[in-house]
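Breakdown of the fold
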Amino acid sequence: MNIKEVIQNAYHKIKDIDDKGNLASYIPELENVNSACFGVHISTIDTLNFGVGNYHDKFSIQSIAKVLTLTMAYNILGEKLWKRVKVEPSGTAFNSLVQLEVENGIPRNPFINAGAIVIADVLLSNLDNPKEDFLNFVKTLSNSKEICYSEKIATSEKSVGYRNAALCNFIKSFGNIENKPSEVLDFYFNLCSLEMSCKELSNLFLFLANDGFTLADNEQILTRSQTKRINALMQTCGFYDESGEFAFKVGLPGKSGVGGGIIAVHPKQYAIAVWSPKLNEKGNSYKGMRFLEEFTTESKLSIF
Ligand code: GLN
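Below: a short report on this structure.

Another point: the state of the cysteines. Taken as a whole and assessed by the stated rule, the structure comprises zero disulfides. Between Cys37, a free cysteine, and Cys198, which holds the nearest cysteine sulfur, the sulfur-to-sulfur gap is 10.0 Å. Take Cys148: it sits in no disulfide, and the sulfur closest to it among the cysteines is that of Cys192, at 16 Å. Cys148 sits in the partly exposed class, given a relative accessible area of 44%.

Structure follows, in structure tokens:
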């Protein structure tokens, strides 16, 4: 089996299907993206790097960044982190408020907005210069200096971020936010605004396929056990109330973002990033999911 061929075939097959998704119009700036863009890039442990389509173009990685803030917070707090956020699938939408009331402001998992806002709070409490330190961490992971926040996207999201403000204030009322909500939200909107290409993303996420070590310089970011746990969380919670469907159809740990990106990891083998901006009704890239389903089916490279 030739991986490049499988990717090329899957790309061309999915490129031409009717895209039933819609752009994430609730963040005004995300509506200005060219919805026809479609890119894929794979990076493997044995150093294959291969991309098709718009794999060099940067896009807003949005919730994919939640895996990176979680990695940094886990690194800092270790197992104490799980007192602030749980590790159960939510079965609800990414921006839902419903479970917080009965669960006393402890979010179900770090990938729904509620959980990611708590993780942002953890980083604010533990970093001297949160925005700068987090960006440097991401640059170290990706071995690239070319990664930036998008002020335009962060400002755009902030201008309409009523739901996230509600989540943050609600969690604060239970005592699970230490900092000022305005500061936590500012950091949260910025981290969601990070821009990367499929190539940068698949390179960066290789550490989760490599037992927690960066491939480029063998730096240990997480222990083996921590790496396993982050992959487990991506498998069970990475696609909100579509996580079961993603496991069922694709069979890989992964994480999506409303910018239309998806990263998926096959432990010990590869990381693959896809970008197609139109989202299905669950907020996950329509073509991105279809592509990954085709890829793991044809390559037989899923974890199940
Ligand atoms: N910044 C987005 C939000 O909070 C992230 C959501 C996502 O990518 N699923 O709504």
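Before going further, it helps to spend a moment on empty space enclosed by the protein. Counting across every chain of the model gives three cavities of 30 Å³ or more. Size it by volume and the largest cavity reaches roughly 80 Å³. Looking at which element gives the most residues to the lining of the largest cavity, the answer is helix H3 (residues 98–102), with three residues. Residue composition of the lining of the largest cavity, grouped by class: nine nonpolar, three polar and two charged.

Here helix H8 (residues 181–192) is twelve residues long and its end C-alpha atoms lie 16 Å apart, about the 16 Å a rise of 1.5 Å per residue gives. Looking at H8, one finds that the buried residues are Pro181, Val184, Leu185, Asp186, Phe187, Tyr188, Phe189, Asn190, Leu191 and Cys192. On its buried side, H8 packs onto strand E3 (59–60), helix H2 (65–77), helix H4 (113–126), helix H5 (130–142), helix H6 (151–159) and helix H7 (162–173).

This part takes up the site of the ligand. Close contacts around the ligand come from Tyr26, Gln62, Ser63, Phe94, Asn113, Glu157, Asn164, Tyr188, Cys192, Tyr240, Gly257 and Val258, and that covers them all. Within the side chain of Gln62, one N or O atom sits 2.5 Å away from a nitrogen atom of the ligand. Here an oxygen atom of the ligand sits 2.9 Å away from a polar atom, N or O, in the side chain of Asn164. In isolation the ligand exposes 300 Å². Once the protein is present, 99% of that is buried. Looking at the shell around the ligand, its residues break down into six nonpolar, five polar and one charged.

Conventions adopted
Residues numbered from 1 in each chain as written. Predicted model: local features only at pLDDT ≥ 70, side-chain atom pairs only at ≥ 80, totals over all residues. Heavy atoms only, no water. Disulfide = S-S within 2.5 Å. Buried < 20%, exposed > 50% of the residue type's maximum accessible area, 1.4 Å probe, protein only. 1 Å grid on protein atoms, 1.4 Å probe; cavity = no way out; pocket = protein on both sides within 12 Å on 5 of 7 lines; lining within 4 Å. Points joined across faces, edges and corners; volume = space filled by probe spheres on them. Helix = DSSP H or I, 4+ residues; strand = E, 2+ residues; numbered from the N terminus. Nonpolar A, V, L, I, M, F, W, Y, C, P; charged D, E, K, R; others polar. Expected span 1.5 Å × (residues − 1). Contact = heavy atoms within 4.5 Å. Near = heavy atom within 4 Å. Polar contact = N/O pair within 3.5 Å; in protein donor to acceptor, adjacent residues only side chain to side chain. Areas by Shrake-Rupley, 256 points an atom, 1.4 Å probe, with all protein chains shown as cover.

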